[in-house]
Amino acid sequence: MNAVTSQLASLFSARHDQPVHSEPVFDGSIVLVAFALMAIGLVIVCSASMPIADRIHDNPFYFAIRHGIYLIAAIIAAMVVVQLPMQFWRVANPYMLLLAIGLLVAVLLIGRNVNGSTRWLAIGPITIQAAEPAKLFFFCYLAGYLVRRYDEVTENLKGFIKPLVVFFILALLLLAQPDLGTVVVMLATTIGLLFLAGARLWQFFALMFVGILAVVALIVFEEYRLRRVTSFLDPWADPFGSGYQLTQSLMAYGRGNWFGQGLGNSLQKLEFLPEAHTDFVMAILAEELGFVGVMMVLMLMLWLVLRALQIGNKALASDRPFDGFMAYSIGIWFSFQTAVNIGASAGILPTKGLTLPLVSYGGSSLIVMAVAVSLLLRIDFELRVSGVQALTKGVKADTKREARRSKKQEAKAKVKQAMQSAEDMAEDASLLDDEETQHG
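Residues numbered from 1 in each chain as written. Predicted model: local features only at pLDDT ≥ 70, side-chain atom pairs only at ≥ 80, totals over all residues. Heavy atoms only, no water.

Enquirer: Outline the overall build of the protein, supporting the account with residue identities and numerical values.
Expert: Within the protein one finds 14 helices and three strands. Taken across its 440 residues, the protein has 44% of its residues classed as buried. Within the protein, contacts between residues separated by at least 24 positions form 71% of all contacts whose residues are at least 6 apart in sequence. Total accessible area on the protein stands at roughly 23,400 Å², and carbon and sulfur atoms take up 67% of it. (Helix = DSSP H or I, 4+ residues; strand = E, 2+ residues; numbered from the N terminus. Buried < 20%, exposed > 50% of the residue type's maximum accessible area, 1.4 Å probe, protein only. Contact = heavy atoms within 4.5 Å. Areas by Shrake-Rupley, 256 points an atom, 1.4 Å probe, with all protein chains shown as cover.)

Enquirer: Describe the nonpolar core, naming the residues involved and giving the relevant values.
Expert: Leu37, Phe138, Trp333, Phe334 and Leu358 are the most contacted members of the largest nonpolar core, which totals 99 residues. Ala48, Ala252, Ala283 and Ile284 belong to the second-largest nonpolar core, a separate cluster that totals seven residues. (Core = buried A, V, L, I, M, F, W, Y, C linked by side-chain atoms within 4.5 Å.)

Enquirer: How would you sum up the layout of surface pockets? Please name residues and give values.
Expert: Counted as a void, the second largest pocket has a volume near 390 Å³. Along the walls of the second largest pocket sit 21 residues, with Phe167, Phe168, Val210, Gly211 and Ala214 positioned nearest its centre. Residue assignment for the lining of the second largest pocket shows that the elements contributing at least two residues are α7 (157–175), α8 (180–196) and α9 (201–220). Partitioned by chemical class, the residues of the lining of the second largest pocket number 19 nonpolar, two polar and no charged. (1 Å grid on protein atoms, 1.4 Å probe; cavity = no way out; pocket = protein on both sides within 12 Å on 5 of 7 lines; lining within 4 Å. Points joined across faces, edges and corners; volume = space filled by probe spheres on them. Nonpolar A, V, L, I, M, F, W, Y, C, P; charged D, E, K, R; others polar.)

Enquirer: Tell me about the pattern of salt bridges, residues and numbers included.
Expert: A complete count under the given rule lists nine salt bridges for this structure. Between Asp380 and Arg307 there is a salt bridge whose closest N-O contact spans 3.3 Å. In this pair, Asp380 sits in helix α14 (residues 363–439) while Arg307 sits in helix α12 (residues 281–317), placing the two residues 73 residues apart along the sequence. Asp380 sits in the buried class, given a relative accessible area of 2%. The class of Arg307 is buried, set by a relative accessible area of 14%. The partner of Asp323 in a salt bridge is Arg320, and the shortest N-O contact between them spans 3.0 Å. For the pair Asp323 and Arg320, a shared accessibility class is recorded, and that class is buried. Overlapping salt bridges, with partners in common, bring together Arg90, Arg320, Asp323, Arg378 and Glu382 in one network. (Salt bridge = Lys/Arg side-chain N within 4 Å of Asp/Glu carboxyl O.)

Enquirer: Describe empty space enclosed by the protein, with residues and values.
Expert: Considering all chains together, one arrives at one cavity of 30 Å³ or more under this definition. Approximately 40 Å³ is the volume attributed to the largest cavity. Taken together, Asp279, Phe280, Val340, Asn341, Ala344, Thr351, Lys352, Gly353 and Leu354 form the lining of the largest cavity. Of the residues assigned to the lining of the largest cavity, the class counts are four nonpolar, three polar and two charged.

Enquirer: How would you explain the environment of Gln337 if you had to name every residue and give the values?
Expert: Structurally, Gln337 can be placed in helix α13 (residues 321–345). The exposure class of Gln337 is buried, given its relative accessible area of 0%. Those residues in contact with Gln337 that sit more than four places away from it in its chain are Lys135, Val185, Leu354, Thr355, Pro357 and Met369. Within the structure, the side chain of Gln337 is placed 3.1 Å from the backbone oxygen of Thr355, a separation counted as a polar contact. (Polar contact = N/O pair within 3.5 Å; in protein donor to acceptor, adjacent residues only side chain to side chain.)

Enquirer: Summarise unusual backbone geometry; cite the residues concerned and give the values.
Expert: Positioned with a positive phi, Asn257 is a non-glycine residue whose angle comes to about 55°. The residue Asn257 is located in the loop between α11 (244–256) and α12 in this model. You can call Asn257 exposed: its relative accessible area is 55%.

Enquirer: Provide a residue-level description of the packing of α11 against α13, including the pertinent values.
Expert: In contact at an axis separation of 8 Å, α11 and α13 are set at 95° when each is read in the N-to-C sense. The angle between α11 and α13 places the two elements in the roughly perpendicular class. Packed against α11, whose contacting residues are Leu246, Ser249, Leu250 and Tyr253, the element α13 presents Ile342, Ala344 and Ser345 at the interface. (Axes fitted to C-alpha atoms, helices over the stretch in contact; angles between N-to-C directions. Parallel < 35°, antiparallel > 145°, perpendicular 65-115°, else oblique.)

Enquirer: I'd love a proper account of the environment of Ala308, names of residues and values included.
Expert: Among the secondary structure elements, Ala308 is positioned in helix α12. Each C-alpha atom of the pair Ala308 and Gly331 lies 5.2 Å from the other, and the pair is 23 residues apart in sequence. Other than its neighbours up to four places away in sequence, Ala308 contacts Ala327, Gly331 and Leu376.

Below is the structure:
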């Protein structure tokens, strides 16, 4: 009896206890890279902001504490957004565009003016830089538009121009603040998305040409922008005037060398370099951690951008165009804003006042960038889950086919058994008839 029981147990185990190799539902590498950039940003912001925080607020950790609070808020926002299905963004993207326009109009009406720019909305103790969510909402709308009007975008000029009209409205509102840097980032992302969506080449190059002309015109006809460009081309011509910030930043890069002066040993952060913990945080990082530190940040950002583009390709291949265009826009956005921020601090591009994604000090930027990363996570999650569901449906279909096949085999066996029984009964009846005939 024990032998029979053990044999049955082994058969059941062999049939049902097979190892299950399940793929994780979330891409942990995206989370790790985002947290690595946030951690580097917290350390460098803490180091770069100590002198100015001590002078202004009598607390060297004032900006570091606020940055930590912003990080916690960004993580909470990302955790909430990652729970929202992409269907929500597909349906709500037109309303998000209206919200973006409303925020930019509200800034012009009741915004706070800082250093000659009106970019912030003060809601009690909370200060919102309206341009940051406006970028995300516009890219979401653009992805939805490319899905709804894909044939128009690729076949006629009308469908190509419509999103540019929306961009032009947002650009006018942003330039009224003024905020040329955000306009340039949005223009580059719009051009990239239209190109990836399959717009005709002549339209693409015409848009690039018009965009470059518009940027040049905006620079030439505004005196302070022209001074920025001339100081960028030759900052040493006026090292204590228009070229002061860039020359100090270049000194920080030069002192960094290969491995830097060591964490906390920057001299430029001693209020020689203005905005050291915001737009020029990379210069302090270069001075303290050197070329190796800069390359580490650039490689992390490059990996995040490439992962976004991979997710976009996978989404388009899985017939999820909105998700694909959304992932593309996040990748282009992160890459271009990183290039502009580091290029400005290194003297490659004019100063634009853009933050370094996930690294620079600033609550609005951190929260919006974290939300963008959580959108990548959600897109990747839904792609993985849809693949598992398709596999499960296939397994269920195979199981049903196998069940139907076994039922057919059982029915055939029963028919054969019944026919055999009928034949046996007929044979027995014939034998009985023969015996009765013989006795009779």
